[in-house]
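Next come the chains, spelled out residue by residue.
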Amino acid sequence: MQTRCRGWHVSSSFVRCTVSRRTCRRKTDRRPSSEINDAWPCTIKSISNRCLTNIPSSSSHRALISITSAHATLFQGKETTGVFISEALQPYNVLTAAAFEVDLTSETGTFTPDWLSQQPDFLNGEDLATWQDTNSEFRKKLDNMPKAADIDGSRYGIFYASAGHAALIDYPTASTLQKIAGQVWANGGIVSAVCHGPALFANLLDPATNEPIIKGKTITGFTTEAEITMGIMEELRSWGNDMIDEMAAKLGAKYTRAQGIWDDYHLVDGRLVRGQNPASARSTAQAALRPLKSCDHF
């Protein structure tokens, strides 16, 4: 019985795919991948004897998390949306725990905290304590982050777009953030986004092809079903921008999602990593590390 992989990694000596909690290995060879799949109980995505990334060693342990600068009212004008706290904080924790130097930035150097993201269902325990401690490293970086124009994208190996509903407002035209993400991509780095973060892809081009970075790829992001369930679709439509699935279709990408609107779900396509919702923030950041872990950067 063939077992499909949940994930895959490539290094110079072996191809590895993760099946549940077990790991299968097969020595790399130069046969077509279809032949290897037929003979091996792990379905792999690609075969290579090279590392997935070619980022300079000076950038390999630096990550940049983008923050939305926008804010707006939601829930019949009663609450304010901005950056969804856990979508920035949890990736920050994952990356710093992996010995990355992590910086934060927004298009204007400003942010507004999202009201919903500060409710107990979404922010609690150590995350809440970190958020409330204005002397925590995360808060100091968030409260004093530079604007994107002051950031050198060539210094980073990972770009991670956090979000919040407000990202639908500024991310599609956040040209400086898009330029930075494009630099990271062109240098062989990882570009990742969670929830409404893929709104940044609306005008994010691959510098090598001048085509949308997600064209021909599969992405995920916050579902339109969730927007409707939350009762805010009419307000979101008033902002005049596409939902994530609509943007994907326009740019020639395929959109997929988990069965549940709040399920932890992420996708990895080489150096492009996407997560569906706030529950996916941590796993998306962990997935962004995998292409680097298959190299000599760790």
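The structure displayed is predicted, hence computed values, not measured ones.

Engineer: What is the right way to look at the nonpolar core in this model?
Structural biologist: Nonpolar side chains tend to gather and get buried jointly when the protein is soluble and globular. In terms of nonpolar packing, the biggest core is built from 73 residues, with Ile65, Phe100, Leu104, Ile158, Phe159, Phe201 and Ile214 touching the most fellow members. The contacts of Ile65, once residues within four sequence positions are left out, are Ala88, Pro91, Tyr92, Leu95, Val102, Asp103, Leu104, Thr105, Tyr160 and Ser162.

Engineer: Help me understand the pairing of strand S17 (residues 272-275), please; the structure alone is not making it clear to me.
Structural biologist: On a regular strand, each side chain points to the face opposite its neighbour's, so the side chains alternate between the two faces of the sheet. On S17, burial covers both faces: Leu272 and Arg274 on one face and Val273 and Gly275 on the other are all buried. When strand S11 (residues 190-194) meets S17, the two strands line up parallel, connected through four bridges. Residue pairing across strands places Ala193 opposite Arg274, the latter belonging to S17. Across four bridges, strand S16 (residues 266-269) lies against S17 in antiparallel orientation. In the strand pairing of S17, Leu267 is matched with Arg274. As consecutive antiparallel partners, S16 and S17 are separated by two residues, and within that stretch Gly270 has a phi angle of approximately 65°, a positive value.

Engineer: Would you mind showing me how to read the side chain of Thr220 here?
Structural biologist: With respect to the element layout, Thr220 can be found in the loop between strand S14 (218-219) and helix H7 (224-229). We classify Thr220 as buried; its relative accessible area is 0%. Polar side-chain contacts of Thr220 include one of 2.8 Å to the backbone oxygen of Thr256. In contact with Thr220, other than residues within four places in its own chain, are Pro198, Ile244, Tyr255, Thr256, Arg257, Tyr265, Leu267, Arg274, Gly275 and Gln276.

Engineer: For this particular structure, what's the right way to read unusual backbone geometry?
Structural biologist: Comment: phi is negative for the bulk of residues other than glycine, and the bulk of peptide bonds are trans. One non-glycine residue, Gln76, lies in positive phi territory at about 60°. By secondary structure assignment, the location of Gln76 is in the loop between strand S7 (72-74) and strand S8 (79-81). Within the chain, Asn210 stands out as a residue other than glycine whose phi angle is a positive 60°. For Asn210, the location among the structural elements is in the loop between strand S12 (205-206) and strand S13 (211-212).

Engineer: What's the story with the confidence of the model for the protein chain in this structure? I'm lost.
Structural biologist: Looking at the protein chain, pLDDT values average 84 and 78% of them are 70 or higher. Of the regions scoring below 50 in pLDDT, residues 1-50 engages in 84 contacts with residues more than four places distant in sequence or in other chains.

Engineer: How do you make sense of the pairing of strand S6 (residues 62-67) when you look at a structure like this?
Structural biologist: The element S6 is extensively covered by neighbouring structure, given that six of its six residues are classed as buried. Neither face of S6 is left uncovered, since the one carrying Arg62, Leu64 and Ser66 and the one carrying Ala63, Ile65 and Ile67 both have all their residues buried. Pairing of S6 with strand S9 (residues 101-106), which is carried by six bridges, proceeds in the parallel orientation. Each residue of the ladder has a partner; that of Ser66, found in S9, is Thr105.

Engineer: Mind showing me how you'd approach the sheet that holds S9 here?
Structural biologist: Sheet strands pair by backbone hydrogen bonding; their relative direction is either parallel or antiparallel. Spatial strand order, S9-S6-S10-S11-S17-S16: six strands in an open sheet with mixed pairing. Bordering the open sheet on either side are S9 and S16, each of which pairs with just one other strand. Strand-to-strand, the axes of this sheet are offset by a mean angle of 15°, without reference to chain direction. Contacts from helix H2 (residues 85-97) reach S6, S9, strand S10 (158-161) and S11, with the element oriented near 175° to S6.

Engineer: Got a minute to help me understand H2 in this structure?
Structural biologist: Its 13 residues give H2 an end-to-end C-alpha distance of 18 Å, which sits within 8% of 18 Å, the value for a rise of 1.5 Å per residue. In terms of burial, H2 is a largely internal element, 10 of the 13 residues being buried. Looking only at H2, the buried set comprises Ile85, Ser86, Glu87, Ala88, Leu89, Gln90, Pro91, Tyr92, Val94 and Leu95.

Reading the values: rules and limits
- Residues numbered from 1 in each chain as written.
- Predicted model: local features only at pLDDT ≥ 70, side-chain atom pairs only at ≥ 80, totals over all residues.
- Heavy atoms only, no water.
- Core = buried A, V, L, I, M, F, W, Y, C linked by side-chain atoms within 4.5 Å.
- Buried < 20%, exposed > 50% of the residue type's maximum accessible area, 1.4 Å probe, protein only.
- Contact = heavy atoms within 4.5 Å.
- Helix = DSSP H or I, 4+ residues; strand = E, 2+ residues; numbered from the N terminus.
- Pairing = 2+ DSSP bridges.
- Polar contact = N/O pair within 3.5 Å; in protein donor to acceptor, adjacent residues only side chain to side chain.
- pLDDT = per-residue confidence, 0-100.
- Axes fitted to C-alpha atoms, helices over the stretch in contact; angles between N-to-C directions.
- Expected span 1.5 Å × (residues − 1).

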